[in-house]
Amino acid sequence: MIGKMLGAGARADAWSTRSDRERWPEQQQVEIRPGSALAGWLIVIGLGLAGGALLGIAVYRGAPLWIAVVFLLGAGVGAAAYGTEVYRFYRRLETRDPGERRLPALAGDLSSLQAAFEHLGAGDLVRAVENTRALPERVAAIFTAAGRALASLAEQIQDSSIEVASSADEVNQIASDLASGSSEQAASVVEITAAMEELARTASQIAANATRQAALAERAEASGDAGSAAVDEAVTGVEEVQKRISGIASRADNLGTRSKEIYRVLDLITEIADETHILSLNAAIEGAAAGADGRRFAVVAEEVRRLAHRSQESVDSVRNLLDEFASSIRATIVATEEGSKEASRVLERSRSAATAIGALRAAAGDTARVARQISLATQQQNAASDEVVMTLREVSQVVQRMTGGLKQLSGTADRLNRLGLTIQLLAQSFHLGSPRSLKHLVEDWASQLEQTKSSGDMQRVLDGLIDKTPFIEMAYFVDTSGYTVALSFHQEESAGRKLLGAEGAREIDMTRRPWYRAVARERRTTLTSPYQSIQSGEPCFTVAAPVRRGSQREFAGVLGIDVNINGWMRI
Amino acid sequence: MSPDAPQKDPSSGAAPRAAGSHLLVRAGDYVCALPLTSVRRVVRALPIHPLPGSTAELKGLSEFGGEPLPVLDLARLIAAPPGANPAFPVTIVAWAGPAEAREMVGLSADAALEVVDVPLSSVVGGDGAFVLGEASVGGEIVRVLDLEALGRAL
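A. Expanded view of the overall build of chain A. A count of helical and extended segments in chain A gives 13 helices and six strands. Within chain A, the proportion of its 571 residues that are buried is 23%. In chain A, 71% of the contacts between residues at least 6 apart in sequence involve partners at least 24 apart.

B. Looking closely at the overall build of chain B. Along chain B, the regular secondary structure elements total two helices and ten strands. Listed by position from the N terminus, the elements making up chain B come as β-β-β-β-β-α-β-β-β-β-β-α. Considering chain B as a whole, with its 154 residues, one finds that 43% of them fall into the buried category.

C. Molecular detail of the sheet that holds strand E7 (residues 103–109) of chain B. Here we have five strands laid out as an open sheet, ordered E3-E6-E7-E5-E4 (chain B), and mixed in their pairing. Unpaired on one side and paired on the other, strand E3 (39–44) and strand E4 (58–64) of chain B mark the two borders of the sheet. Across the sheet, the mean angle from the axis of one strand to that of its neighbour is 30°, orientation sign disregarded. Alignment of E3(B) against strand E6 (residues 90–96) of chain B, held across five bridges, turns out to be antiparallel. Residue B:Val42 lies in a different strand from E6(B), and its bridge partner there is B:Ile92. Along the sheet, helix H7 (residues 137–289) of chain A makes contact with E3 and E6 of chain B, crossing E3(B) at roughly 175°.

D. How the structure looks around the sheet that holds strand E10 (residues 140–145) of chain B. Residues and elements named next belong to chain B. The five strands lie next to each other as E8-E1-E2-E10-E9, forming an open sheet whose pairing is mixed. Each edge of the open sheet is held by one strand with a lone partner, namely strand E8 (111–117) and strand E9 (131–137). Neighbour to neighbour, the strand axes of the sheet diverge by 30° on average, direction disregarded. Sheet analysis places E9 next to E10, joined by six bridges and oriented antiparallel. In the sheet register, Val137 faces E10, and the bridge partner there is Glu140.

E. Representation of unusual backbone geometry. The phi angle at A:Arg553 is positive, at roughly 50°, despite the residue not being glycine. Along the chain, A:Arg553 turns up in the loop between strand E5 (539–549) and strand E6 (554–564). At B:Ala79, a residue that is not glycine, the phi angle is positive and equals roughly 55°. For B:Ala79, the location among the structural elements is in the loop between helix H1 (74–77) and E6.

F. Fine view of the environment of A:Leu487. All names here are of chain A. By secondary structure assignment, the location of Leu487 is in strand E2 (residues 484–489). The class for Leu487 is buried, based on 23 C-beta atoms found within 10 Å. In sequence terms Leu487 and Met458 are 29 residues apart; their C-alpha atoms lie 8.7 Å from each other. Those residues in contact with Leu487 that sit more than four places away from it in its chain are Leu462, Met474, Tyr476, Ala502 and Ala505.

G. Region of the structure containing the interface of chain A and chain B. Counting residues at the interface gives ten residues for chain A, matched by 16 residues for chain B. Those elements that provide at least two residues to the side of chain A that touches chain B are H7 and helix H8 (295–427) of chain A. Tallying contributions element by element places H7(A) first for the side of chain A that touches chain B, with seven residues. Each residue belonging to the side of chain A that touches chain B can be placed in one class, and the counts come to five nonpolar, two polar and three charged.

H. Region of the structure containing the nonpolar core. In terms of nonpolar packing, the biggest core is built from 51 residues, with B:Val25, B:Cys32, B:Leu34, B:Ile92 and B:Ala94 touching the most fellow members. Broken down by element, this core gets its largest block of residues, six residues, from E6(B). In this view, B:Ala94 contacts B:Leu34, B:Ser38, B:Val39, B:Arg40, B:Val105, B:Leu107 and B:Leu147; residues no more than four positions away in its chain are not counted. Of all hydrophobic cores here, the second largest spans 45 residues; its members include A:Leu438, A:Trp445, A:Ala475 and A:Trp568.

I. How the structure looks around the pairing of E6(B). Residues and elements named next belong to chain B. Counting buried positions along E6 gives seven out of seven residues, so the element sits mostly inside the fold. Along E6, one buried face is formed by Val90, Ile92, Ala94 and Ala96 and the opposite face, lined by Thr91, Val93 and Trp95, is buried too. Where E6 lies against E7, seven bridges are found, and the strand directions are antiparallel. Looking at the pairing, Ala96 lines up with Glu103 of E7.

J. Looking closely at the packing of H7(A) against H8(A). Their axes nearest at 2 Å, the elements H7(A) and H8(A) cross at an angle of 175°. With respect to each other, H7(A) and H8(A) are oriented roughly antiparallel.

K. Representation of helix H5 (residues 110–122) of chain A within the structure. Residue and element names in this part refer to chain A. Compared with the 18 Å implied by 1.5 Å per residue over 13 residues, the 18 Å span of H5 between its first and last C-alpha is a close match. When H5 is considered as a whole, its buried residues turn out to be Ala116, His119 and Leu120. Down the axis, H5 shows its buried residues gathered within 100° of arc, on one side only. Residues Leu110, Ser111, Gln114 and Gly121 are exposed on H5 and point more than 90 degrees away from its buried face. The secondary structure elements touched by the buried residues of H5 are helix H6 (125–130) and H7. Once H5 ends, the next one or two residues include Gly123, with phi positive near 90°.

L. Summary view of the confidence of the model for chain A. Residues and elements named next belong to chain A. Looking at chain A as a whole, its pLDDT mean stands at 80, while 87% of the residues score no less than 70. Predicted confidence for residues 1–34 stays below pLDDT 50, and this span has 25 contacts to residues more than four positions away or in other chains. Contacts from residues 101–107, a stretch scored under 50 in pLDDT, to residues over four places away or in other chains number six contacts.

M. Molecular detail of helix H12 (residues 514–522) of chain A. Residues and elements named next belong to chain A. Three or more residues of H12 are buried, namely Trp515, Tyr516 and Val519. End-on view of H12: buried residues confined to an arc of 100°, all on one side of the axis. Summarising the geometry of H12, the exposed residues directed more than 90 degrees from the buried face are Pro514, Arg521 and Glu522. Where H12 is buried, its residues meet strand E1 (472–479), strand E3 (526–527), E5 and E6. Looking at the residues trailing H12, positive phi occurs at Arg523, about 60°.

N. Representation of the environment of A:Thr526. Residue and element names in this part refer to chain A. With respect to the element layout, Thr526 can be found in strand E3. Along the chain, Thr526 and Ala544 lie 18 residues apart, while their C-alpha atoms are 5.5 Å from each other. Once residues within four sequence positions are removed from consideration, Thr526 is found in contact with Trp515, Ala518, Val519 and Ala544.

O. Local environment of the confidence of the model for chain B. Averaged over all residues, the pLDDT of chain B equals 83, while 84% of them reach at least 70. Here residues 1–18 of chain B is modelled with pLDDT under 50, and outside its nearest four sequence neighbours on either side it reaches 32 contacts, counting other chains as well.

P. Structural context of the packing of helix H9 (residues 438–450) of chain A against helix H10 (residues 455–468) of chain A. Residue and element names in this part refer to chain A. The interhelical angle for the contact between H9 and H10, taken along N-to-C directions, is 155°, at an axis separation of 9 Å. Judged by the angle between their axes, H9 and H10 are roughly antiparallel. Crossing geometry of H9 relative to H10 is assigned as right-handed. Residues Trp445, Gln448 and Leu449 of H9 form the contact with H10, whose own contacting residues are Met458, Val461 and Leu465.

Q. Just the environment of B:Leu150, in detail. Residues and elements named next belong to chain B. Structurally, the position occupied by Leu150 is in helix H2 (residues 147–153). Residue class for Leu150 comes out buried when judged on the 26 C-beta atoms lying within 10 Å of it. Between the C-alpha atoms of Leu150 and Gly97, which are 53 residues apart in sequence, the distance is 5.8 Å.

Here is what the cut-offs are and how they apply
- Residues numbered from 1 in each chain as written.
- Chains lettered and ligands numbered in written order.
- Predicted model: local features only at pLDDT ≥ 70, side-chain atom pairs only at ≥ 80, totals over all residues.
- Helix = DSSP H or I, 4+ residues; strand = E, 2+ residues; numbered from the N terminus.
- Buried ≥ 20, exposed ≤ 12 C-beta atoms within 10 Å, placed from the backbone.
- Contact = placed C-beta atoms within 7 Å.
- Pairing = 2+ DSSP bridges.
- Axes fitted to C-alpha atoms, helices over the stretch in contact; angles between N-to-C directions.
- Nonpolar A, V, L, I, M, F, W, Y, C, P; charged D, E, K, R; others polar.
- Core = buried A, V, L, I, M, F, W, Y, C linked by C-beta atoms within 7 Å.
- Parallel < 35°, antiparallel > 145°, perpendicular 65-115°, else oblique.
- Expected span 1.5 Å × (residues − 1).
- Arc of directions from axis to C-beta.
- pLDDT = per-residue confidence, 0-100.
- Left-handed = near helix turned anticlockwise from the far one by under 90°.

Dropping the structure here:
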């Protein structure tokens, strides 16, 4: 913006200098050269003094003398040339007629100058410049330069105000978005705070549960110790039982061995009984062979045979008993073997149980230790959660303050937007030659209306106006009786609204409208203050220009256009 | 010579016979009564050396008193059905054949039971040769054998 202003100023200065140089070169010299000559002399004297001082210092330091001589000669030649030029200038100035150039300005058309100033006072810079054509060239050039500088300034004000309004609108939009985001952030912070509080409560419950679990694990560890001791005792008892079973088995084996010895004794007794039996029979045979003398011997032999028979029967009885005894011993041995195997299995299971109980006890110990660590960690987590909750509450307060600040910023941006719009409307009060000038625009179209022959032609002109300028909601021409001759508007912007068509507008006496009255009174293009459009519901303002007809260019009516502010700002 | 060695009977038929004194022995499933006057000795079953080509009744030769002793299978001689395994088998050394030419033989039996009196009048039946007949002793049927007839049968 500043660059544009400087650029425009520079262009205006360049134009003015070129015009002066082309039209009044002598007067340009009169106004500029005296000051330049004085400065030139001062520079020459200063350079001479400085050069002399430096030359003295150089000579004093041992520099060659011919350098000083050459320098002094050069300075003398330069001073003589400059003095000659100054003398020639003043000689030409003394020989010129001083009133030769002032006469055209004094003989200018005061009425043209008055009209130019009137247009200038009304902000119509285009017509103000146009009215200076009849003035002397110098005055016209000065007036034109001033008008163009003012037009450039007004254009820059328009551009700047549009940028201010646009920027303010963007700031307003961003502030609104940020405020909305801050509100959502505040809500999120509240939710996070609630979640953290819930987390803290959960951490407390976890800590309590971990403490109880640690106590249970410690009791389980103690029970594991007791169980391990009991299992050790059981193992010892089973080992003792196994030893006793082994002792019983050993004794049963011993009894089996003894039984075999008894069987051998019984076999021996049986054999003796058999031999005795045979012996008794042989004795009886011998007794029988001895005849009568052998009868007693035969009787004795018979007794011996019976004794042997009884011995055999006793041996059989003992053998039967011994068989039963041996069977019992074998059953005992089998039972002790099974008991020993069962005791071994019980012992193995007991040892496995002891190992399992040991592992269980170790696991219970680990569980207790881990549970205590969990309890401690969750307590720390609880404390950290409390700190986070406090921090989140502070963040919530900051976010709320930030939301309030953003709302204030949004309000400020909105005011800035309105201010930019106000400046823009003020700048639009100037009629400029720029296409951005609404007065220029509407007067162009008014001049087209002046060329039409019928109301249909006017309607087509207004339709073209609506088609080519999207920020114009409605365009209409009202004649001097207040009758709306032609009216055109954007259909899409009026969708869903009650439209003021041409028929409705013709029922209204437009001569009572402020824009019509202002144009009819001033015969100039005017702008209204912003208002809400009945067509789009958005803010707009009206630019109205007079329409003239006939050779005398009599006032024939008013061309009005309703400018949609939002669309116009986007353009 | 050993007094138990088999020898020719010097009294050949003149020796008094104890009427009815018999030695009961078990052969197979039968109980036999041997006249005690013909029995010389009862010994534990002697070791037998079989003779190839001999009859089934002759089990083989043993040694008794330093002399060879032919041993006969008493169960086969009386055609007794086989009985239980003998717990204490014996060999009966006895005189066989007529009194004037009797010889000492061995009779293998399953057991020697006892000496009983068997009245000859109670002996019934029989083939009139080796098996003199049957008699009831203690309620049990006993086959009464005639060892003199055994020599003739051989």
